[in-house]
Amino acid sequence: MRPLRACLGAAAAVALAATGATALVAGSASGATTALTNRWYAAAPYLMPLDNNPPDPAAIMDATGLKAFQLAFVLAPNGGGCSPTWDGTAPVSSDTTVQSVINTIRGKGGDVSVSIGGYGGTKLGQACSDPASTAAAYQQVITKYGLHAIDFDLEEPEYENTAAIHNEIGAAKILQQNNPGLYVSVTTAGTADGTGWFGKQMLLEAKSQGFTPNNFSIMPFDGGFNGAASQTSALTNFNSILQSTFGWDQATAYAHEGFSGMNGRSDTGEIFTQADFQTVLDYATSHHMDRFTFWSLNRDRQCSPPDNGGRTSGTCSSVAQNSWDFAAYSVKFAGATPPTTPPTSTPTPTPTPTPTSTSCKSAWSSSAVYTAGNEVSYGKHNWKAKWWTQNEVPGASQWGPWQDEGAC
């Protein structure tokens, strides 16, 4: 998830692995309280506590009944090194500001999850040498704040780095083993077909390491989406990817699937209103999905003066709203009673209109030579070359040279 945006079944507790890392303990010296239900961590909206004019979480809790917050983002230091910082600049080891925010939330009966990664900055998976050292860095965060939940936001440009993704997924697995009951979500980019080439490679990395988080969430925005119908279509397609990757049936895949949206105007000018959130919420609850969240609470208020969707801001939504309108959908998700039996079949989604703002690139030619970064259209999708290629059909293989950029 970007600074403007980002961009959620319970896992069984596992025995403490013999790596020497400190296990998560409720009621630790850091002020942790008894964990909330997983449903709350699955519904926690993103909040930047140190940037983008942070709102008062206590006021949001009083106004909406929200109990959980997804604090963003933990990164490697901007100057280099394998130690956790907030936004690349504020060391976790000496932090008091975020701790104060957490104390306020816990003092009102709530709790937090911490998100690592996001769109900008250097990630610990890039800076640390292996999964063990990456996990050790994140363990410092878990131990300091007494966390019951953590989110791995794996997206551009980090998820294009296979070594970094190996470190992140390996670290997530270690943390899950060493902190029994830790709620772990993995968030990645969404596309019209579910997730792109690099997102699929991340899933294959998780499969190869034998790692299963509480959920894999996609962010269906900033990719030519057009309201809720296009988002639910992407969620249906992502469910199929989870089934084919892990060998799950449909219900199991939905129980490990999450949605992470963007409220109001997205980075690319898409508009997602309260009505869109309600439609996706209905889809998520009816399919017994595991997570429903959004980027971000910093943006969950009307711009002043209202700008009718004319700009994207990190501090307001650019749509007509009352403060914390979008947080109310997280509260609804946390309190929703999932169906006792999952649907027997996936409903046919509303046809997704082709976004008028996304035009098709020049048509792919079997005789042309393409190099990294070249863009073409094929099968009503735009594609970007990842390396030199000739006469290799876009989309013919998930291991191929073309990255799907979405419908055009």
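1. Focus: the nonpolar core
So, point 1. Residues F69, L71, F152, F216 and F292 are the most contacted members of the largest nonpolar core, which totals 97 residues.
So, point 2. When sequence neighbours within four positions are dropped, the list of residues in contact with F152 reads I116, Y138, E168, A171, A172, L175, V184, S185, V186 and T187.
So, point 3. W364, V376, W383 and W402 belong to the second largest nonpolar core, which has six residues in total.

2. Some words on the side chain of N263
So, point 1. Tracing the backbone through its elements, the reader meets N263 in the loop between β9 (257-262) and β10 (264-265).
So, point 2. Relative accessible area serves as the criterion here: at 0%, N263 is assigned to the buried category.
So, point 3. Apart from residues lying up to four places away in sequence, N263 is in contact with F272, F277, F294, W295, S296, R299, D300, S317 and F326.

3. A word on the confidence of the model for the protein
So, point 1. Overall, the predicted model of the protein reaches an average pLDDT of 87, with 85% of residues at or above 70.
So, point 2. Residue range residues 5-30 is modelled with pLDDT below 50. Its contacts to residues more than four positions away, or to other chains, number 88 contacts.
So, point 3. Below pLDDT 50 for its whole length, residues 339-357 participates in 21 contacts with residues either more than four positions away or in separate chains.

4. A short note on the packing of helix α6 (residues 162-178) against helix α7 (residues 197-209)
So, point 1. As a packed pair, α6 and α7 sit with axes 10 Å apart at the nearest point and diverge in direction by 50°. One way to sum up the angle between α6 and α7 is to call them oblique. Note that α6 runs across α7; the crossing there is right-handed. On α7, the residues that touch I165, H166, I169, G170 and K173 of α6 are M202, E205, A206 and Q209.
So, point 2. Its residues assigned to classes, the contact of α6 with α7 shows four nonpolar, three polar and two charged.

5. Here we look at the state of the cysteines
So, point 1. Under the counting rule described, the total for this entry stands at three disulfides.
So, point 2. Residue C303 pairs covalently with C316 via a disulfide, S to S 2.1 Å. Measuring the twist about the S-S bond at about 90°, one finds the C303-C316 disulfide to be right-handed. Placement of the pair is C303 in the loop between β12 (291-295) and α11 (327-335) and C316 in the loop between β12 and α11, with a sequence separation of 13 residues. The exposure classification of C303 matches that of C316, with both residues buried.
So, point 3. There is a disulfide in this structure between C360 and C408, and the S-S distance comes to 2.1 Å. A torsion of 90° about the S-S bond marks the disulfide between C360 and C408 as right-handed. Remark: C408 occurs in the segment after β17 (402-407) and C360 occurs in the loop between α11 and β13 (369-370); sequence separation between them is 48 residues.
So, point 4. With relative accessibility at 41%, the residue C360 sits in the partly exposed group.

6. With respect to the sheet that holds β17
So, point 1. One open sheet holds the three strands; their spatial order is β14-β15-β17, and the pairing between them is antiparallel. The sheet terminates laterally at β14 (375-378) and β17, the two strands that pair on one side only. For this sheet, the mean angle separating the axes of adjacent strands, direction not counted, is 30°.
So, point 2. With four bridges joining them, strand β15 (residues 381-385) and β17 adopt antiparallel strand pairing. By the bridge assignment, H381 is partnered in β17 with A407.

7. Observations regarding the pairing of strand β8 (residues 215-219)
So, point 1. In terms of residue burial, β8 counts as a mostly covered element, since five of its five residues are buried.
So, point 2. Of the two faces of β8, the one carrying N215, S217 and M219 and the one carrying F216 and I218 are both buried.
So, point 3. Pairing analysis gives five bridges linking strand β7 (residues 183-189) to β8, with the strands arranged parallel. Across the sheet, the residue bridging to S185 is N215, located in β8.
So, point 4. Crossover handedness for the path β7 to α7 to β8: right-handed.
So, point 5. Inspection of the sheet shows β8 paired to β9 by three bridges, in the parallel sense. Bridge pairing links F216 to E257 in β9.

8. A look at helix α10 (residues 274-286)
So, point 1. The first and last C-alpha atoms of α10 sit 18 Å apart over 13 residues, in line with the 18 Å expected at 1.5 Å per residue.
So, point 2. Where α10 is concerned, the buried positions are Q274, D276, F277, V280, L281, Y283, A284 and T285.

9. Quick notes on the pattern of salt bridges
So, point 1. If you walk through the whole model with that rule in mind, you get six salt bridges.
So, point 2. In this structure, the salt-bridge partner of K108 is D62, at a minimum N-O distance of 2.8 Å. One end of the pair, K108, is in the loop between α3 (97-107) and β5 (111-117); the other, D62, is in helix α2 (residues 57-64), and 46 residues separate them in sequence.
So, point 3. Take K108: its relative accessible area is 39%, and that puts it in the partly exposed class.

Conventions we followed
- Sequence order sets the numbering: in each chain, residues are counted from 1 along the sequence as written.
- In keeping with the predicted nature of the model, local features appear solely for residues at pLDDT of at least 70, side-chain atom pairs appear and are counted solely at 80 or more, and the whole-chain, interface and lining totals rest on all residues.
- Processing note: side-chain calculations cover all non-hydrogen atoms of the structure and skip hydrogens and water entirely.
- Residues grouped as a nonpolar core are buried Ala, Val, Leu, Ile, Met, Phe, Trp, Tyr and Cys residues, joined through side-chain atoms within 4.5 Å.
- Partly exposed residues are those whose accessible area sits between 20% and 50% of the maximum for their type, while under 20% is buried and over 50% is exposed, using a 1.4 Å probe and protein chains only.
- Contact definition: two residues touch when any of their heavy atoms are within 4.5 Å.
- Secondary structure is summarised from DSSP: a helix means a run of H or I of at least four residues, a strand means a run of E of at least two, and numbering begins at the N terminus for each.
- For every residue, the pLDDT score states the predictor's confidence, bounded by 0 at the bottom and 100 at the top.
- Axis lines are fitted through C-alpha atoms, for helices just across the contact stretch, and the angle between N-to-C directions can take any value from 0 to 180 degrees.
- The cut-offs work like this: below 35 degrees is roughly parallel, past 145 is roughly antiparallel, 65 to 115 is roughly perpendicular, and the gaps in between are oblique.
- Each crossing is labelled by how the near helix is turned from the far one, with a counterclockwise turn of less than a right angle marking it left-handed and a clockwise turn marking it right-handed.
- Residue classes follow a fixed rule: Ala, Val, Leu, Ile, Met, Phe, Trp, Tyr, Cys and Pro count as nonpolar, while Asp, Glu, Lys and Arg count as charged, and any other residue, Gly among them, counts as polar.
- By definition, disulfides here are pairs of cysteine sulfur atoms that lie within 2.5 Å.
- Note: two strands are recorded as paired if DSSP finds a minimum of 2 bridges between them.
- Whether a crossover is right-handed depends on one test, that the path from the first strand over the helix to the second runs clockwise when the strands point away from the viewer.
- Take the number of residues in a helix, subtract one, and multiply by 1.5 Å to get its expected span.
- Salt bridge, as used here, is a side-chain nitrogen of Lys or Arg placed within 4 Å of a carboxyl oxygen of Asp or Glu.

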